[in-house]
Amino acid sequence: MSDQPTRSNVPASLDFANLVTAIQSVDQQLKQQATRAVNAALTIRNWSIGYWIQEYEQYGTDRAGYGQRLLESLAAELGNVGVSRCEARELRRYRLFYQLYPQIWESLTPEFRKLLSGKTLSLKTPIRESLTPISGTHLIGSLSFTHICELLKCDSAAKREFYERECIEGTWSVRELRRQIASLYYERSELSINKQKLAEQTHASSDQRKPQLTIRDPYVFEFLGLHPHEVVSESHLESQLLDKLQAFLIELGQGFCFEARQRRILIGDTFYFVDLVFYHRLLKCHVLVDLKLEAFSHEN
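Rules behind the numbers
Residues numbered from 1 in each chain as written. Predicted model: local features only at pLDDT ≥ 70, side-chain atom pairs only at ≥ 80, totals over all residues. Heavy atoms only, no water. Helix = DSSP H or I, 4+ residues; strand = E, 2+ residues; numbered from the N terminus. Buried < 20%, exposed > 50% of the residue type's maximum accessible area, 1.4 Å probe, protein only. Core = buried A, V, L, I, M, F, W, Y, C linked by side-chain atoms within 4.5 Å. Contact = heavy atoms within 4.5 Å. Salt bridge = Lys/Arg side-chain N within 4 Å of Asp/Glu carboxyl O. Phe/Tyr/Trp six-rings, centres within 6.5 Å; stacked < 30°, edge-to-face > 60°. Patch = residues over 30% accessible without salt bridge, like charges linked within 9 Å, V, L, I, M, F, W, Y side chains within 5 Å. Areas by Shrake-Rupley, 256 points an atom, 1.4 Å probe, with all protein chains shown as cover. Axes fitted to C-alpha atoms, helices over the stretch in contact; angles between N-to-C directions. Parallel < 35°, antiparallel > 145°, perpendicular 65-115°, else oblique. Nonpolar A, V, L, I, M, F, W, Y, C, P; charged D, E, K, R; others polar. Polar contact = N/O pair within 3.5 Å; in protein donor to acceptor, adjacent residues only side chain to side chain. Left-handed = near helix turned anticlockwise from the far one by under 90°.

Asks: Explain unusual backbone geometry here, please?
Replies: Most peptide bonds take the trans configuration, and most residues that are not glycine carry a negative phi. The backbone phi angle of Thr171 is positive, close to 45 degrees, even though this residue is not glycine. With respect to the helices and strands, Thr171 occurs in the loop between helix 7 (157–170) and helix 8 (174–182). One non-glycine residue, Leu184, lies in the positive phi region at around 60 degrees. Position of Leu184 among the secondary structure elements: in the loop between helix 8 and helix 9 (185–191). On the accessibility criterion, Leu184 (46% relative accessible area) is partly exposed.

Asks: It is not clear to me how the nonpolar core should be interpreted in this structure. Could you clarify?
Replies: In summary, soluble globular proteins display a tendency toward joint burial of nonpolar side chains. In this structure, Trp47, Leu91, Phe97, Tyr101, Phe145 and Tyr163 are the most contacted members of the largest nonpolar core, which totals 45 residues. The element best represented in this core is helix 1 (residues 16–59), accounting for eight residues. Other than its neighbours up to four places away in sequence, Trp47 contacts Phe97, Tyr98, Tyr101, Pro102, Ile104, Trp105, Leu108 and Leu116. One finds Leu242, Phe248, Leu249 and Leu276 within the second-largest nonpolar core, a separate group that totals seven residues.

Asks: For this particular structure, what's the right way to read the pattern of salt bridges?
Replies: Should the charged atoms of two oppositely charged side chains come close, the side chains can pair. Tallying each qualifying case throughout the model produces twelve salt bridges. Two residues, Lys31 and Asp27, come together in a salt bridge whose shortest N-O distance is 3.4 Å. Pair noted here: Lys31 and Asp27 are both in helix 1, with a separation of four residues, about one helical turn. Judged by its relative accessible area of 38%, Lys31 falls in the partly exposed class. For Asp27, a relative accessible area of 41% translates into the label partly exposed. Arg179 is paired through a salt bridge with Glu176; the nearest N and O atoms lie 2.8 Å apart. Taken together, the positions of Arg179 and Glu176, both in helix 8 and three residues apart, correspond to about one turn of that helix. Residue class for Arg179 comes out partly exposed when judged on its relative accessible area of 44%. Judged by its relative accessible area of 3%, Glu176 is buried. Several salt bridges share partner residues, and in doing so they unite Arg85, Arg89, Glu90 and Arg93 into one network.

Asks: What should I look at first to understand the packing of aromatic side chains in this one?
Replies: Within a pair of aromatic rings, the relevant descriptors are the distance that separates the centres and the angle that separates the planes. All told, the structure shown has 15 aromatic pairs when counted by the stated rule. One aromatic cluster is present, formed by Trp47, Tyr51, Trp52, Tyr98 and Trp105 through successive ring pairs.

Asks: Quick question: what am I supposed to make of the environment of Val83 here?
Replies: Examined against the element boundaries, Val83 turns out to sit in the loop between helix 2 (70–80) and helix 3 (88–100). For Val83, a relative accessible area of 32% puts it in the partly exposed group. Taking the C-alpha atoms as reference points, Val83 and Phe223, separated by 140 residues in sequence, lie 8.7 Å from one another. Not counting chain neighbours up to four residues away, the residues in contact with Val83 comprise Arg45 and Leu78.

Asks: Please clarify how a nonpolar patch on the surface should be interpreted in this entry.
Replies: Nonpolar side chains collect at one region of the surface, where Leu14, Phe16, Leu19, Val20 and Ile23 lie side by side and expose about 520 Å² of accessible area between them. Mapping Phe16 onto the fold places it in helix 1.

Asks: Explain the packing of helix 1 against helix 3 to me, please; I cannot follow it from the model alone.
Replies: One way to put it is that helix 1 packs onto helix 3 with a least axis distance of 7 Å and a crossing angle of 90 degrees. Our classification of the angle between helix 1 and helix 3 gives roughly perpendicular. Residues Thr43, Arg45, Asn46, Trp47, Ile49, Gly50, Tyr51, Ile53, Gln54 and Glu57 of helix 1 lie in contact with helix 3, whose contacting residues are Leu91, Tyr94, Arg95, Phe97, Tyr98 and Gln99. Along the lines of polarity and charge, the residues of the contact of helix 1 with helix 3 split into eight nonpolar, five polar and three charged.

Asks: Even after reading the chapter, I still don't get the environment of Glu166, so can you show me in this structure?
Replies: As for its position among the elements, Glu166 is in helix 7. Take Glu166: its relative accessible area is 11%, and that puts it in the buried class. Between the C-alpha atom of Glu166 and that of His203, which follows or precedes it by 37 residues, the distance is 8.5 Å. Apart from residues lying up to four places away in sequence, Glu166 is in contact with Trp172, Tyr185, Ala199 and His203. Side-chain polar atoms of Glu166 contact the side chain of His203, separated by 2.7 Å.

Asks: Help me understand the packing of helix 2 against helix 3, please; the structure alone is not making it clear to me.
Replies: When two helices pack together, their arrangement is given by the angle between the helix axes and by the axis-to-axis distance. Between helix 2 and helix 3, the least distance of the axes is 8 Å, while the angle of their chain directions is 110 degrees. In terms of their interaxial angle, helix 2 and helix 3 are classed as roughly perpendicular. Both helix 2 and helix 3 take part in a crossing whose hand is right-handed. Residues Leu71, Glu72, Leu74, Ala75 and Leu78 of helix 2 pack against Ala88, Leu91, Arg92 and Arg95 of helix 3. When its residues are assigned to classes, the contact of helix 2 with helix 3 shows six nonpolar, no polar and three charged.

Quick look at the structure:
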């Protein structure tokens with residue numbers, strides 16, 4: 001029997017508008033599927049790194065030789081072998097991720113569980129009771145690792161669970177999650193006498209995440225072996241900021257006035273171009289913004 005599509009799969013009246021709709025649907029569905037797959041792999045990878053670090057700290061035969069410098073030594077060695085996003089700070093984050101979200105274990109395939117349970121270490125950490133009722137599979141499928149990084153900053157399990165649920169329900173972008181945490185949404189909800197109305201108002205005006213924003217996540221870049229400038233140039237970033245100048249000025253804060261872009265300035269005997277020039281009417285001074293996509297260095 002042939003696996004080729006049949007006429008029964010095709011709309012009865014395939015006009016040009018239906019053609020556009022069909023292609024748009026395929027594009028959106030597969031784009032979302034690819035985004036979920038990359039994000040799930042990245043999240044499980046980081047959780048697994050935390051697992052191995054925890055196991056080594058408890059059962060490593062030569063762990064005493066590294067002491068307090070374990071993560072710094074590990075970060076240096078991982079950098080030498082080409083493992084990205086494994087600075088000591090990130091390794092601490094991965095370890096905390098594993099400790100706070102043991103329920104991720106349930107989302108792993110049997111083959112991956114075997115890989116974690118006995119190829120190098122003879123002991124497997126028992127599955128502890130989950131701190132939150134949200135399943136590991138649901139968590140991985142709904143939130144990016146950058147979302148999880150923000151959740152790890154919560155100072156209590158109750159607050160973390162609250163933002164998990166609200167973020168998943170509202171399909172918040174990372175920026176929206178940060179904004180809601182900064183606005184003390186959890187604390188305001190606890191004090192509110194009408195929690196449902198507060199939630200409805202919050203979600204009605206929230207910024208929702210999009211697949212293309214997830215793919216541009218710095219964690220995803222480095223996980224896939226890419227660099228930000230391979231996807232978006234500094235000039236493109238500058239144009240995007242200027243296209244949304246009002247929102248950008250509000251984000252900067254009170255008192256900023258846009259003055260110029262690509263302003264030429266003389267430093268020593270050399271001319272340079274500053275990407276964005278603002279005047280701050282309260283501080284009565286200029287604020288110069290130079291956009292860089294690579295990591296900050298002393299040359300900058």
